[in-house]
Amino acid sequence: IDFGAGIGTIAELITLNTCTRPVCVEIDSTYRQTLQAAGFSVHESIDDVSGTHDCIYSSHTLEHIEDDDTTLRTLHARLKKGSSLLLYLPAFSNLYSGLDKTVGHHRRYGKNEIVNKLENAGFTIECVHYVDSLGFFAAYLVKLFGYNTRYGLGSPVSLIIYDKIVFPISRLLDRLGLQFLYGKNIFIKAIKH
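Everything quoted here is computed from the prediction, not taken from an experiment.

Peer 1: Tell me what's going on with a nonpolar patch on the surface, and back it up with residues and numbers.
Peer 2: A grouping of Y140, L141, L144, F145, Y147, L153 and L159 is seen on the molecular surface, where their side chains present a nonpolar patch of about 670 Å² in accessible area. Residue contributions to the nonpolar patch peak at four residues, all from helix α6 (residues 133–145). Considering the arrangement of structural elements, one finds L159 in helix α7 (residues 156–175).

Pasting the structure below:
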């Protein structure tokens, strides 16, 4: 299941790399139409998905849901025993900024916070680490100075510089061990036992 599938970018990658078409869950009706046109089975809510599944992954979705505890319990119920939940979330609540609020985030996640929420929902944590160590500082700058899509942080030029220069360096630093200290995002693999 692709929980919060958007326009299907990750679902398409999964399909290409595994020859398995994920079931997509997406609340936005325009995105659902795009997913359906691409041939995916699409549902508006996780509650509409029947049966149990081998894996659920979700990228930047849970932070948009006010009652994330109930959602995690529902995701747990949709998994087969021994199956994985993969989450990619914004990290560090102290980085929460006006940009987070603008894009509809209810929170950013601390490592202990998300681990506790997942364990309370019945999961066992297999892996947890941060992603984009340099992005931590970029997010902190956005918190301090704001997000200006025209001239400053968030402008097209700043995003190109970040994607082409800063992010590749950040990935290298993550692999060298910074992923265990801090990052803009957090990745978790949890197992239903």
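Peer 1: Explain the pairing of strand β4 (residues 53–59) to me, and be specific about the residues and the numbers.
Peer 2: The sheet contact formed by β4 and strand β5 (residues 79–90) spans six bridges and is parallel. Paired with I56 across the two strands is L85, which belongs to β5.

Peer 1: Provide a residue-level description of the layout of surface pockets, including the pertinent values.
Peer 2: Taken as a whole, the largest pocket holds about 640 Å³ of empty space. The wall of the largest pocket is formed by 26 residues, among which L99, A138, V142, Y147 and K184 lie closest to the centre. For the lining of the largest pocket, the elements supplying multiple residues, two or more each, are α4 (98–102), α6 and α7. For the lining of the largest pocket, the element with the highest residue contribution is α7, accounting for six residues.

Peer 1: Summarise α7; cite the residues concerned and give the values.
Peer 2: Relative to the 28 Å expected for 20 residues at 1.5 Å per residue, α7 spans 27 Å between its end C-alpha atoms, a close match to the ideal helical length. Y162 marks the point of greatest bend in α7, at about 40°. Along α7, the residues classified as buried are Y162, S170 and D174. Where the residues of α7 are buried, they touch β6 (123–131) and α6. The positive-phi residue at the C-terminal boundary of α7 is G177, with phi of around 125°.

Peer 1: Talk me through the pattern of salt bridges; I want residue IDs and the actual numbers.
Peer 2: All chains considered together, the criterion is met by eight salt bridges. Between D132 and K184 there is a salt bridge, and its shortest N-O distance comes to 3.6 Å. Note that D132 is positioned in the loop between β6 and α6 and K184 in the loop between α7 and β7 (185–192), a separation of 52 residues in sequence. Judged by relative accessible area, which is 2%, D132 ranks as buried. Classification of K184 as partly exposed rests on a relative accessible area of 27%. Put simply, D68, D69, R107 and K117 are held in one network by salt bridges that share partners.

Peer 1: Can you explain unusual backbone geometry? Please cite residues and give values.
Peer 2: If you check the backbone angles, H60 has positive phi at about 55° while not being a glycine. Along the chain, H60 turns up in the loop between β4 and α3 (68–77). Under the relative-accessibility criterion, H60 is labelled partly exposed at 29%.

Peer 1: Report on the packing of α3 against helix α5 (residues 111–120), specifying residues and quantitative values.
Peer 2: Relative orientation of the contacting elements α3 and α5 amounts to 50°, with a least axis distance of 9 Å. If you check the angle between α3 and α5, you find them oblique. Taken as a pair, α3 and α5 cross one another with a handedness that is right-handed. Facing α3, whose interface residues are D68, D69 and L72, α5 presents I114, K117 and L118. Counted by class, the contact of α3 with α5 contains three nonpolar, no polar and three charged residues.

Peer 1: Kindly report on the side chain of R78, identifying the contributing residues and their values.
Peer 2: Relative to the elements of secondary structure, R78 occurs in the loop between α3 and β5. Here I46 takes part through its backbone oxygen, which lies 3.3 Å from a polar atom of the side chain of R78. Those residues in contact with R78 that lie beyond four places of it in its chain are I1, I46, D47, V49, G51, T52, H53 and I56.

Each value, and the rule that gives it
- Residues numbered from 1 in each chain as written.
- Predicted model: local features only at pLDDT ≥ 70, side-chain atom pairs only at ≥ 80, totals over all residues.
- Heavy atoms only, no water.
- Patch = residues over 30% accessible without salt bridge, like charges linked within 9 Å, V, L, I, M, F, W, Y side chains within 5 Å.
- Areas by Shrake-Rupley, 256 points an atom, 1.4 Å probe, with all protein chains shown as cover.
- Salt bridge = Lys/Arg side-chain N within 4 Å of Asp/Glu carboxyl O.
- Helix = DSSP H or I, 4+ residues; strand = E, 2+ residues; numbered from the N terminus.
- Pairing = 2+ DSSP bridges.
- 1 Å grid on protein atoms, 1.4 Å probe; cavity = no way out; pocket = protein on both sides within 12 Å on 5 of 7 lines; lining within 4 Å.
- Points joined across faces, edges and corners; volume = space filled by probe spheres on them.
- Expected span 1.5 Å × (residues − 1).
- Bend = angle between axes of the 7 residues up to and from the residue.
- Buried < 20%, exposed > 50% of the residue type's maximum accessible area, 1.4 Å probe, protein only.
- Contact = heavy atoms within 4.5 Å.
- Axes fitted to C-alpha atoms, helices over the stretch in contact; angles between N-to-C directions.
- Parallel < 35°, antiparallel > 145°, perpendicular 65-115°, else oblique.
- Left-handed = near helix turned anticlockwise from the far one by under 90°.
- Nonpolar A, V, L, I, M, F, W, Y, C, P; charged D, E, K, R; others polar.
- Polar contact = N/O pair within 3.5 Å; in protein donor to acceptor, adjacent residues only side chain to side chain.

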